[in-house]
Amino acid sequence: ISRKLKFPRWLRMKMLQTTSRDNARTPMQWNDSPNGGFSSQPSTTPWLKVHSNCATINVASQKEEAHSLLNWYKQLIQLRKITPQLIGGTFTLLYQDKHIYAYKRSLSRLADSGDKIAIVVLNYSSKSRSYPAPLAQILKSLTNAKILASVYPDTTTLPPYGAFLLEAVEKV
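Everything numeric here is computed off the predicted structure, so don't read it as measured data. (Residues numbered from 1 in each chain as written. Predicted model: local features only at pLDDT ≥ 70, side-chain atom pairs only at ≥ 80, totals over all residues. Heavy atoms only, no water.)

Digging into the overall build of the protein
Across its full length, the protein holds five helices and five strands. Secondary structure of the protein in N-to-C order comes out as α-α-α-α-β-β-β-α-β-β. The C-alpha atoms of the protein give 22 Å as radius of gyration, which overshoots the globular expectation for 172 residues (16 Å, by more than 25%). Across its three principal directions, the C-alpha atoms of the protein cover 65 × 45 × 35 Å. A burial count over the protein gives 32% of its 172 residues as buried. Within the protein, counting contacts between residues at least 6 apart in sequence, those at least 24 apart form 47% of the total. Accessible surface for the protein amounts to roughly 12,200 Å². Of this, 57% is attributable to carbon and sulfur atoms. Side chains of the protein give 23 positive and 10 negative charges; the mean places of these two sets differ by 14 Å. (Helix = DSSP H or I, 4+ residues; strand = E, 2+ residues; numbered from the N terminus. Rg over C-alpha atoms; globule rule 2.2 N^0.38 Å. Buried < 20%, exposed > 50% of the residue type's maximum accessible area, 1.4 Å probe, protein only. Contact = heavy atoms within 4.5 Å. Areas by Shrake-Rupley, 256 points an atom, 1.4 Å probe, with all protein chains shown as cover. Lys, Arg positive; Asp, Glu negative; His and termini not counted. Charge placed at Lys NZ, Arg CZ, Asp CG, Glu CD.)

Written out as structure tokens, the structure is:
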């Protein structure tokens, strides 16, 4: 559009520079070496600047930490592969407000055994949150619920930026 409007090249480049996705990305930080291990060649400089936290936040250090973000995502990917309702189940929004988002994925089974469900609850705020009454009622009504994944072991409240995934059978 800027070209059609005949903006000068220097202005188009400046506009691209300020609105580019590159402002929100950095090279993968593989380890704590220079440039985050992006290249083993000392003379190589990544196109994008490596974040200053690469000495403490990197793949090598997170591999060793059981509760790291890297291992949390590995756990979630594995759960998705082995939990059929997460792959092909129907989606139902259970609750949504400014801070909490909860949904259910269900997979129909035989009528006598009920539907196998997975419920995901997310807290998008920087503060701990109690379960809103409608969501608390849904969670209390579940029988044989099993926590598959949780950012924190205590699921009585939602910790800041917390999340958990549980599995249950819902009688139809």
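What to know about empty space enclosed by the protein
Empty pockets left among the atoms are what a rolling probe the size of a water molecule brings to light. Within this structure, the stated rule accounts for one cavity of 30 Å³ or more. In this structure, the largest cavity occupies an estimated 40 Å³ of space. If you go around the largest cavity, the residues you meet are Tyr131, Ser150, Tyr152, Asp154, Thr155, Thr157, Leu158, Pro159, Ala163 and Phe164. Here the lining of the largest cavity is composed, by residue class, of six nonpolar, three polar and one charged. (1 Å grid on protein atoms, 1.4 Å probe; cavity = no way out; pocket = protein on both sides within 12 Å on 5 of 7 lines; lining within 4 Å. Points joined across faces, edges and corners; volume = space filled by probe spheres on them. Nonpolar A, V, L, I, M, F, W, Y, C, P; charged D, E, K, R; others polar.)

So, the sheet that holds strand β1 (residues 90–96)
Here we have five strands laid out as an open sheet, ordered β1-β2-β3-β5-β4, and antiparallel in their pairing. One side of each edge strand has no neighbouring strand; the edge strands of this open sheet are β1 and β4 (143–150). Sheet twist, expressed as the average angle between the axes of neighbouring strands with direction ignored, equals 20 degrees. Here β4 runs beside strand β5 (residues 163–170); their pairing, made up of five bridges, is antiparallel. Across the sheet, residue lysine 146 finds its bridge partner in β5, namely glutamate 167. (Pairing = 2+ DSSP bridges. Axes fitted to C-alpha atoms, helices over the stretch in contact; angles between N-to-C directions.)

Observations regarding a nonpolar patch on the surface
Taken together, Leu69, Tyr73 and Ile77 make up a surface patch of nonpolar side chains, about 330 Å² in accessible area. Summarising the element assignment, leucine 69 is placed in helix α3 (residues 69–82). For leucine 69, a relative accessible area of 52% puts it in the exposed group. (Patch = residues over 30% accessible without salt bridge, like charges linked within 9 Å, V, L, I, M, F, W, Y side chains within 5 Å. Salt bridge = Lys/Arg side-chain N within 4 Å of Asp/Glu carboxyl O.)

Some remarks on the layout of surface pockets
If you add up the space inside the largest pocket, you get close to 560 Å³. What lines the largest pocket is a set of 25 residues, and nearest its centre among them are Trp72, Leu76, Leu122, Val151 and Ala163. Elements with a contribution of two residues or more to the lining of the largest pocket: α3, β2 (100–107), β3 (115–123), β4 and β5. Lining the second largest pocket are Thr26, Pro27, Met28, Gln29, Ile57, Asn58, Val59, Gln62, Leu69 and Leu70.

Comments concerning helix α5 (residues 133–140)
Among all positions in α5, only Leu135, Ala136 and Leu139 are buried. The buried residues of α5 occupy an angular sector of 100 degrees when projected down its axis, which confines them to one face. α5 presents Ala133 and Gln137 as exposed residues on the side facing more than 90 degrees away from its buried surface. Those residues of α5 hidden inside the fold are in contact with β1, β2, β3 and β5. (Arc of directions from axis to C-beta.)

Function cannot be read off these values alone, since they describe shape.
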